[in-house]
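Here is how the chains run, residue by residue.
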Amino acid sequence: MLRRILIVVLAIVVLAGGGFLAWAWHDELPAEPRRDASAYDPAVVAKGASLAAIGSCAVCHLAKNSPSFAGGYPVETPFGVIYGSNITPDRDTGIGTWSPAAFRRAMHDGVDREGHHLYPAFPYDHFTGATDTDLDAVYAYLMTREPVRHDVPAPQLTFPLNIRLAAAAWKLLFLRHGEFVPDKSQSPEWQRGAYLAETFGHCSACHSPRNALGAEKRDEKYAGGIAEGWIGPALNAASPAPAPWTAESAFNYLRRGFDRAHGHVAGPMQEVVEHLRQANEGDVRAMATYIASLNGVAAPDAAAKAEQAVKNATSRQWPIPGRETTGSGGSSTTGLDGAAIFAGACATCHHDGGRLPISRPVALGLSSAVNGADPRNLLQIVLGGIHPAPNERGAIMPAFSGTLTDPQIVALADYVREHFSGKPKWNDTGTALEAIRRGKNS
Ligand code: HEC
Ligand code: HEC
Ligand code: HEC
């Protein structure tokens, strides 16, 4: 009897395994002869450029000291490092032999031209929702770039993840195929924004928590995530921003990297914004409309609440020097006086709320880095400062990683939190700083 049960179980396992293999099998698609760049319609190429900017493809497909898209950027995941591929039209090391169909299959299904499964560090779980027409435009844009010969290192993953079939199992569990369908009861602009943010923009990738297998938790979409040692703040009702997002403030932030009711962009989001700057302006506005709707605050209320938040934050300013350098500033965990450190290192620039002559930073109390439940973003900003992109002009805040000691940074961050946010103290600032120092990013 037992033997018979075992045989049946074994048969099921073999059949399921065989079924899985058959399902996971993808044919190699034929190599395409190289077409001249003039074969592509310039309007289509321009559209593709904008969509590639929204998708910030260049961030992960950028090689150091080499033109965009030649690959090699290490995408760090909790499972290991996977390198962005060379997606220039080089025929040997890039995608120069790919047909539009092969490119669509990669973006929709995460399968390369030869039929290998690609790892989801490549956010095809979002690109899968893009339309064929849009993907053909991105294809035209990539195929008209300069081909660059550049080999990319193999992924650094341990067994069994180093077998590409593991990616197929991941897809079976988490990949939902099919074109993205927006909520048709919303305005056309909202629908356009939802489509772009959910597909090319892959915004929820860094703004949602992930499960143990690295997939975004669907029921906690936009509830806040982690990206390269930073927090991608919640954008839904759990947003830590004291000023609710409006379509206008979200546009300012996404397009210019700054909004007067929120402050300045930093960290991995700064790269996203640098690319959004090159995208079609109407498309960025549409995404701003969609993003502003996520927190559930009705548009007219959001604007009024945002004004109130600006007022509240500007009234919670750093006091006249000498008044509050003792007492409440002393941190119990380090014994250092955070208020005194603030006075010395930060107050020259951050003492007022933008009321004095132009170009003062906005009130710190408006920043999500100060209001979030996790101290990481404030620590990262203090450590690294804020700098404009190479060859661009913009806000500058110096980096303090070499100027202040770790205990000073902890005391300072705790002080800033307590003094400017009016929210409960952080209890784990020291641990968070240690994790950043160790380079533990996820
Ligand atoms: C978050 C990082 C990230 C972003 C953003 C990203 N990719 Fe990738 N992409 C990857 C990684 C990593 C791989 C390699 C996956 C692997 O080796 O399994 C990859 C692979 C690819 C491949 C397969 C190439 C090959 O030779 O197999 C294509 C095509 C591609 N990406 C296109 C794009 C396009 C187009 C965009 C923008 C719309 C984009 N990617 C945005 C990380 C990214
Ligand atoms: C690579 C990861 C990543 C991606 C992709 C990403 N974000 Fe972000 N985003 C972040 C991080 C990290 C921050 C925090 C930046 C800071 O504190 O300066 C942030 C901040 C923001 C903020 C400000 C939140 C606040 O409370 O201050 C908004 C709005 C935002 N992102 C929208 C978007 C949109 C829209 C997209 C898609 C087009 C997107 N993000 C894609 C990582 C990402
Ligand atoms: C030389 C001027 C300068 C100094 C000194 C300085 N900052 Fe900044 N800081 C800026 C600028 C400029 C910005 C970005 C633009 C803005 O907010 O208007 C900024 C932004 C920030 C932000 C992001 C949120 C926001 O409001 O945009 C935080 C948090 C912050 N600073 C904290 C600090 C802390 C803590 C110190 C002390 C260790 C400090 N800064 C020292 C100039 C400075």
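Here is what the cut-offs are and how they apply
Residues numbered from 1 in each chain as written. Chains lettered and ligands numbered in written order. Predicted model: local features only at pLDDT ≥ 70, side-chain atom pairs only at ≥ 80, totals over all residues. Heavy atoms only, no water. Near = heavy atom within 4 Å. Polar contact = N/O pair within 3.5 Å; in protein donor to acceptor, adjacent residues only side chain to side chain. Nonpolar A, V, L, I, M, F, W, Y, C, P; charged D, E, K, R; others polar. Donors = N, O, S within 2.8 Å, 3.2 Å for Na, K, Ca; no water. Tetrahedral: all angles 85-135°; square planar, octahedral: opposite > 155°, others 65-115°. Helix = DSSP H or I, 4+ residues; strand = E, 2+ residues; numbered from the N terminus. Pairing = 2+ DSSP bridges. Axes fitted to C-alpha atoms, helices over the stretch in contact; angles between N-to-C directions. Parallel < 35°, antiparallel > 145°, perpendicular 65-115°, else oblique. Contact = heavy atoms within 4.5 Å. Left-handed = near helix turned anticlockwise from the far one by under 90°. Buried < 20%, exposed > 50% of the residue type's maximum accessible area, 1.4 Å probe, protein only. Phe/Tyr/Trp six-rings, centres within 6.5 Å; stacked < 30°, edge-to-face > 60°.

This paragraph deals with the site of ligand 1. In the vicinity of ligand 1 there are 25 residues, among which Cys57, Cys60, His61, Tyr119 and Arg164 approach most closely. One of the side-chain N or O atoms of His61 is found 2.9 Å from a nitrogen atom in ligand 1. Separating an oxygen atom of ligand 1 from a backbone N or O atom of Tyr119 is a distance of 2.7 Å. Here the residues of the shell around ligand 1 are counted per class, giving 17 nonpolar, six polar and two charged.

Note on the iron atom of ligand 3: its protein donors are His350 (NE2) and Met397 (SD). The metal-donor distances range over 2.0 to 2.2 Å. Every donor counted, the six donor atoms about the iron atom of ligand 3 form angles of 85 to 179° at the centre, which fits octahedral coordination. Note that His350 is positioned in helix H15 (residues 347-350) and Met397 in the loop between helix H17 (376-384) and helix H18 (406-421), a separation of 47 residues in sequence.

Around ligand 2, the structure places 23 residues, and the nearest of them are Cys203, Cys206, His207, Met269 and Ser368. One of the side-chain N or O atoms of His207 is found 2.9 Å from a nitrogen atom in ligand 2. Split by residue class, the shell around ligand 2 holds 16 nonpolar, seven polar and no charged.

Just one protein atom coordinates the iron atom of ligand 1, and that atom is His61 (NE2), at 2.0 Å. Within the element layout of this structure, His61 appears in the loop between helix H3 (57-60) and strand S1 (74-77).

In this section: the sheet that holds strand S3 (residues 156-157). Overall, antiparallel pairing links the three strands, which are arranged S1-S2-S3 in an open sheet. Every interior strand has two partners, whereas the edge strands, S1 and S3, have only one. Where strand S2 (residues 80-83) meets S3, two bridges bridge the pair, whose relative direction is antiparallel. The residue of S3 that forms the bridge with Gly80 is Leu157.

In a pair of packed helices, the angle between the axes and the distance between the axes together describe the arrangement. Closest axis-to-axis distance for the helix H1 (residues 2-24)/helix H7 (residues 165-174) pair is 10 Å, and the angle between their directions is 95°. By the angle between their axes, H1 is roughly perpendicular relative to H7. Where H1 approaches H7, its residues Phe20, Leu21, Trp23 and Ala24 are matched on the opposing element by Leu165, Ala168, Ala169, Lys171 and Leu172. By residue class, the composition of the contact of H1 with H7 is eight nonpolar, no polar and one charged.

To continue, consider the packing of H17 against helix H19 (residues 429-437). Axis separation between H17 and H19 bottoms out at 10 Å; the angle between their running directions is 55°. In terms of orientation, H17 and H19 fall into the oblique class. Relative to H19, H17 is oriented so that their crossing is right-handed. Contacts from Arg376, Leu379, Gln380 and Leu383 of H17 reach H19 at Thr429, Ala432, Leu433, Ile436 and Arg437. In terms of residue class, the contact of H17 with H19 is built from five nonpolar, two polar and two charged.

The subject of this paragraph is the pairing of S2. Going residue by residue along S2, you find Gly80 and Ile82 tucked away on one face and Val81 and Tyr83 tucked away on the opposite face as well. In the sheet, S1 pairs with S2 via four bridges, with the strands oriented antiparallel. Each residue of the ladder has a partner; that of Glu76, found in S2, is Val81. If you look at the hairpin formed by S1 and S2, you'll find two residues sitting between the two strands.

On to the packing of aromatic side chains, then. This model, assessed by the stated rule, comprises 13 aromatic pairs. Relative to Tyr141, the ring of Phe69 has its centre 5.9 Å away and its plane inclined at 85°; by these criteria the two rings are edge-to-face. Here the residue Phe69 occupies a position in the loop between H3 and S1, and Tyr141 occupies one in helix H6 (residues 132-143), the gap between them amounting to 72 residues. On the accessibility criterion, Phe69 (6% relative accessible area) is buried.

Any link to function would need more than the numbers given here.
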